[in-house]
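# Coordinate inspection notes
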Amino acid sequence: MLQLLHIENIAVIEQADIELEDGLTVLSGETGAGKSIVIDSIGAVLGRRVSRDLVRSGAHKGFVSAVFTGLSPALTALLDELALSGDEPDTLHIQRQITADGKSTCRVNMKPVAASVLRQLAPYLIDIHGQNDGQKLLDEQHHIDYLDGYAGNEALLEEYRPKYQALLALRREITALETGEQERLQRIDMLAFHKEEIEQAALQPDEDEILAQRKAYFDHAGKIAGALGEARLALSGDDEVGGACALLDQAADALAGLKEVSDAFDGLAEQAEEVRLLAADLRDSVAGRSDNLDFSPAEREWVEQRLDLIYRLKQKYGGTLAEIASYHDKITAELETLQDSDNRRDELREQYHEQLAEAKTLAAKLTETRRSAAKRLEAEIVRELAELDMEKVKMRIAVHTGTKLSMHGCDTVTFEISVNPGEPEKPLSKVASGGELSRIMLALKNVLTAGEDVGMLIFDEIDTGVSGHAAQQIARKLSAIAKKKQTLCVTHLPQIAAMGDHHLRISKSVRDGRSYTDVSPMDRAHRVDEIARLLSGEQISEAARRNAEELLAAAGQGG
């Protein structure tokens, strides 16, 4: 059960601590006071999607925390499996923070988790019946989900659906292979030409960079030859002028002769010898490079042709040599598939028929469980509706089985109802009024959640379109449900408000130009005033108060 809900800076709620107890808790208040904010806050701790707009204007972040007790064995086992068990036995703490920039952080028993983990825990904590569930009940595509939930078909569906998805993938691949033969042959010719053109080029890794460097060498041939010649002349000289090496030889010999005169010149002589040797090495290197210059016109033409070929291939098949190689690998694989399409098509067809047989076997099992469950669910809903002042109703859950598979198997399901004696059952959307739809949804929820591990039920304005005796019957049904599971009901009906074991009032006020919402538990006197307000509006009369007292007394809330 949900024991404590703390809300901070969420929409118009600056701060609220809501303590909840067993039984039926009703939540009432004027339209716009913030009842939906409480439900949205509970949805946040259940992992539902939240918006930055949920954060109170002017605040940097909003925060919601919840404390649950009386955990079911299934929930305890799941927490153990996820390594999220807390220090307090049989207690679960969930926190969620939403920042003004839309980011969200979640914690379970003080351990950080993703919102998806909260959604994983939610089915064991709270089931919220929102205002849009009635419209969902009118949409026949959801009827099969209700029936499957009642039938316990989750495991069968988990086994069936991957097989159905695999069938769709096989069908798409087979269809692709069955594309017109002419198109296939044209594709083969084109890809084969591309493949041959790339392979004949025999491209090497980094070849374009190496050839570009060689081309630059050819483009600067005159400058290279001139510089080497000038350096060679400066170092070696010619017949008329001696070069730098000859002069360095003279200097080294002269300084070497001073060794005999004094040791003081030994350093100069060694330095001169070192420079002379370095100059001789440089002269030899320059001479070698000059003698080996290779400016072959034939090679230059080959380099330019090769670079031109690489450029054209890049334009057609990829901006880099690596992309061209990748494209070659891709079309090679596609060619193999196209050229072997007949064999591949036969293999796929064989796989398809095998998996189709397996999927149909599972679909047949789903049909069997649905047909069996439909009869039981019909009887339970009719029994529930009889307790909701619809004792003449007839209900039929029709399971229509076709031959074409879908995500649900071979079946479609429609909930059909007759609310008047002698009238045939018709689809809910054609028969049920707003009040009848609310009662049908309440009956369905009661049946579907009876055997579930969920610890709390929330009914958000279940009373839409309901009044009078029907409202009283709904109130009694909610009270009966609350004896089995903790129940919270947001309501505008005085009959339901009076039936609550506990009553919370949402009120909004304006202070210093800002709106504030408060959530307050009410004592007996305040409950009388609130129920009287629901009966008569803002101007509460003594007659309305007496009526409120009578409703509370009739509901067993006399003291």
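Right above here is the structure, for reference.
Quick summary incoming for the structure in this document.

Rules and cut-offs
Residues numbered from 1 in each chain as written. Predicted model: local features only at pLDDT ≥ 70, side-chain atom pairs only at ≥ 80, totals over all residues. Heavy atoms only, no water. Helix = DSSP H or I, 4+ residues; strand = E, 2+ residues; numbered from the N terminus. Expected span 1.5 Å × (residues − 1). Buried < 20%, exposed > 50% of the residue type's maximum accessible area, 1.4 Å probe, protein only. Arc of directions from axis to C-beta. Contact = heavy atoms within 4.5 Å. 1 Å grid on protein atoms, 1.4 Å probe; cavity = no way out; pocket = protein on both sides within 12 Å on 5 of 7 lines; lining within 4 Å. Points joined across faces, edges and corners; volume = space filled by probe spheres on them. Nonpolar A, V, L, I, M, F, W, Y, C, P; charged D, E, K, R; others polar. Core = buried A, V, L, I, M, F, W, Y, C linked by side-chain atoms within 4.5 Å. Salt bridge = Lys/Arg side-chain N within 4 Å of Asp/Glu carboxyl O. Pairing = 2+ DSSP bridges. Phe/Tyr/Trp six-rings, centres within 6.5 Å; stacked < 30°, edge-to-face > 60°. Lys NZ or Arg CZ within 6 Å of the ring centre and 35° of its normal. Axes fitted to C-alpha atoms, helices over the stretch in contact; angles between N-to-C directions. Parallel < 35°, antiparallel > 145°, perpendicular 65-115°, else oblique. Left-handed = near helix turned anticlockwise from the far one by under 90°.

The terminal C-alpha atoms of helix α13 (residues 321–339) lie 27 Å apart, and with 19 residues this matches the ideal 27 Å at 1.5 Å per residue to within 8%. Those residues of α13 that sit buried are Leu321, Ile324, His328, Ile331, Thr332, Leu335 and Leu338. Projection of α13 onto a plane perpendicular to its axis shows the buried side chains occupying an angular sector of 130°, all on one side. α13 presents Ala322, Asp329, Lys330 and Glu336 as exposed residues on the side facing more than 90 degrees away from its buried surface. Tucked inside the fold, the buried residues of α13 contact α7 (181–201), α8 (207–219), α12 (297–317) and α14 (341–386).

Moving on: the environment of alanine 398. Tracing the sequence through the fold places alanine 398 in strand β9 (residues 394–406). Judged by relative accessible area, which is 10%, alanine 398 ranks as buried. Alanine 398 sits 28 residues away from arginine 370 along the chain, and the two C-alpha atoms are 9.6 Å apart. Dropping the residues within four chain positions of it, alanine 398 is found in contact with Thr412, Val413, Thr414 and Glu416.

This brings us to empty space enclosed by the protein. Applying the stated criterion across every chain yields a total of 1 cavity of 30 Å³ or more. Roughly 40 Å³ of volume is contained in the largest cavity. As for the largest cavity, its lining consists of Leu5, Ile18, Leu20, Leu27, Val38, Ile42, Leu488, Leu504 and Val519. The residue makeup of the lining of the largest cavity, split by class, is 9 nonpolar, no polar and no charged.

This part takes up the nonpolar core. If you look at the biggest cluster of nonpolar residues, it comprises 50 residues, and the most contacted ones within it are Val38, Ile42, Phe68, Leu92, Val108, Leu125 and Ile126. Looking at which element gives the most residues to this core, the answer is helix α1 (residues 35–45), with 6 residues. One finds Leu137, Tyr150, Met441 and Ala555 within the second-largest nonpolar core, a separate group that totals 46 residues.

The next subject is the pattern of salt bridges. Tallied over the full model, the rule gives 22 salt bridges. A salt bridge links arginine 505 to glutamate 530, with the shortest nitrogen-to-oxygen separation between them at 2.4 Å. Of this pair, arginine 505 sits in strand β14 (residues 502–511) while glutamate 530 sits in helix α19 (residues 524–536), placing them 25 residues apart in sequence. Neither residue differs from the other here; arginine 505 and glutamate 530 are each classed as buried. With a closest N to O distance of 2.4 Å, glutamate 549 and arginine 524 form a salt bridge. Here arginine 524 lies in helix α19 and glutamate 549 lies in helix α20 (residues 542–554), a separation of 25 residues in the sequence. Salt bridges sharing common partners tie together Asp148, Arg370 and Asp411.

Attention now goes to the pairing of strand β13 (residues 486–490). The buried fraction of β13 amounts to 5 of the 5 residues, a majority that puts the element mostly inside the structure. What you see with β13 is no split at all: Gln486, Leu488 and Val490 on one side and Thr487 and Cys489 on the other are buried throughout. In the sheet, strand β3 (residues 24–29) pairs with β13 via 4 bridges, with the strands oriented parallel. Residue threonine 25 lies in a different strand from β13, and its bridge partner there is leucine 488.

This part is about the packing of aromatic side chains. If you walk through the whole model with that rule in mind, you get 3 aromatic pairs. For the ring pair tyrosine 160 and tyrosine 164, a centre distance of 6.1 Å and an interplane angle of 20° mean the geometry is stacked. Placement of both tyrosine 160 and tyrosine 164 in helix α6 (residues 154–177) is noted, with a separation of 4 residues, approximately one turn of the helix. We classify tyrosine 160 as buried; its relative accessible area is 0%. Positioned above the aromatic ring of tyrosine 516, the side-chain terminus of arginine 56 is 4.7 Å from the ring centre. Positioned above the aromatic ring of tyrosine 352 is the side chain of arginine 171, whose terminal nitrogen or guanidinium carbon lies 5.6 Å from the ring centre.

Looking now at the environment of serine 467. Take serine 467: it is sitting in the loop between β12 (456–460) and α17 (468–482). For serine 467, a relative accessible area of 54% translates into the label exposed. Sequence spacing of serine 467 and leucine 71 is 396 residues, and the spatial spacing of their C-alpha atoms is 36 Å.

Let us now look at the packing of α8 against α12. Between α8 and α12, the shortest axis-to-axis distance is 10 Å and the interhelical angle comes to 140°. With respect to each other, α8 and α12 are oriented oblique. At the point where α8 passes α12, the crossing takes the left-handed sense. Here Glu207, Asp208, Leu211, Ala212, Arg214, Lys215, Phe218 and Asp219 of α8 lie close against α12, whose contacting residues are Glu299, Arg300, Trp302, Val303, Glu304, Arg306, Leu307, Ile310 and Lys314. Split by residue class, the contact of α8 with α12 holds 7 nonpolar, no polar and 10 charged.

Interpretation in functional terms is not warranted from these geometric data alone.
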